[in-house]
Each structure stands twice: as C-alpha cells, then as structure tokens.
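Report on the structure
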Amino acid sequence: VRAYGSATVTASACVPVQDHGPDTKITATVIIPIRRPQTMDDWCAFYGPKVARGWATVFKGVNAELKAAYAFAYPIGEEVACDDWKPTDDCGNGLHFSPHAFMTESYCTPERYLEVRVKVSECVVLGDKIKAPRCRVVREVTADGEVAA
C-alpha cells in the first residue's frame, strides 16, 4: 500500500505501507518512510544515477534533430550551457534532466534519448528531475538507457 498527501491508512500486521507523507495518517505494523530527496546527494541515492568523480550520468529526451523545448540543441559530444542559469528550486533558468531515460517521457514526447553528464555540485533538485547550468552530451541511448544502435 502507498499513502500520499493527506491519506489515512489502516493496515493489518503483515501489510507494508509506503508512507510518502508528510501529512499521511497511518496505522500499521510495517511502515516504510519514503521522502522525496531535497539534496543532490539524496537525489542520486534515491534514483540511482551513476556518479563518478563528482559527475552524474542523467538523461534528456529530445526530438529527431536533438533539440529539446524552445529549440535548445544538444549536439552529441559537446558541452552545452544555459545562458539564463539561476540556482533556484523552480523550473526554468536551467537545463532539465531525468535520472533515467524513460523518465523524460513525463515531461516531453521524446523521439530520441540522450545520456549526459552534469556536475553534481552545480545541480538543483526539482522533484524527480534536476536542473543544471551545463552538461556534456555523451551519446544517444534507448528509453532503457542502453547504447542506441
């Protein structure tokens, strides 16, 4: 059972309840607290992107011409940067990425998926996605994050 928002749940002793709180009311023996990450370290631990030497591997959904919203281009093998970067915790003013390629589908209808690398210390958490001032576009991948043929 998953409890969100202001849900009230009463479960028997053998039923685990995922508490997505913070306003849930749960009566159960097995309660699993699930909280959305607030920091990049927590976000990386929660969603599991690969992190090496301070750089996280994340994903961007793009159209057939490797462009995202507002016709922003993501050429493979290049570094791209946002010219209006603001390290605030709201959308806009940054490049947005998902922890898994298929998760980009929550924000667009991608024709292609890109693997990119971002510097963890520069990123801002926006729920299940992040924003960064810049990224290195590594390669094209499938919706499963595998190297595209």
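These notes cover the structure that comes with them. Since this is a predicted model, take the numbers as computed values, not measurements.

Moving on to the overall build of the chain. Helices and strands together make up the secondary structure of the chain, namely one helix and 13 strands. Of the regular secondary structure in the chain, the N- to C-terminal order runs β-β-β-β-β-α-β-β-β-β-β-β-β-β. With the C-alpha coordinates of the chain rotated into their principal frame, the extents come out at 55 × 35 × 30 Å. Taking all 149 residues of the chain together, 38% fall into the buried category. In the chain, once contacts between residues fewer than 6 apart in sequence are set aside, the share between residues at least 24 apart is 54%. Summed over all atoms, the accessible surface of the chain reaches about 8,600 Å², with 51% contributed by carbon and sulfur. Computed over 17 positive and 19 negative side-chain charges, the inter-centroid distance for the chain is 3 Å.

A word on the environment of cysteine 14. With respect to the helices and strands, the residue cysteine 14 is situated in the loop between strand 2 (8-10) and strand 3 (16-19). In this structure cysteine 14 comes out as exposed when scored by relative accessible area, which is 75%. Counting along the chain gives 14 residues from cysteine 14 to alanine 28, while the straight-line C-alpha distance between them is 8.6 Å.

All right, on to unusual backbone geometry then. In this structure, the amide linkage connecting glycine 21 to the following residue, proline 22, adopts the cis form with an omega of 10°. Relative to the elements of secondary structure, proline 22 occurs in the loop between strand 3 and strand 4 (25-27). Although it is not a glycine, leucine 66 adopts a positive phi angle of roughly 65°. Following the sequence through the fold, leucine 66 ends up in the loop between strand 7 (55-62) and strand 8 (79-81). Located in the positive-phi region is tyrosine 70, a residue other than glycine, with phi close to 60°. Turning to its location among the elements, tyrosine 70 is positioned in the loop between strand 7 and strand 8. Classification of tyrosine 70 as exposed rests on a relative accessible area of 85%.

Reading guide: rules and limits
- Residues numbered from 1 in each chain as written.
- Predicted model: local features only at pLDDT ≥ 70, side-chain atom pairs only at ≥ 80, totals over all residues.
- Heavy atoms only, no water.
- Helix = DSSP H or I, 4+ residues; strand = E, 2+ residues; numbered from the N terminus.
- Buried < 20%, exposed > 50% of the residue type's maximum accessible area, 1.4 Å probe, protein only.
- Contact = heavy atoms within 4.5 Å.
- Areas by Shrake-Rupley, 256 points an atom, 1.4 Å probe, with all protein chains shown as cover.
- Lys, Arg positive; Asp, Glu negative; His and termini not counted.
- Charge placed at Lys NZ, Arg CZ, Asp CG, Glu CD.

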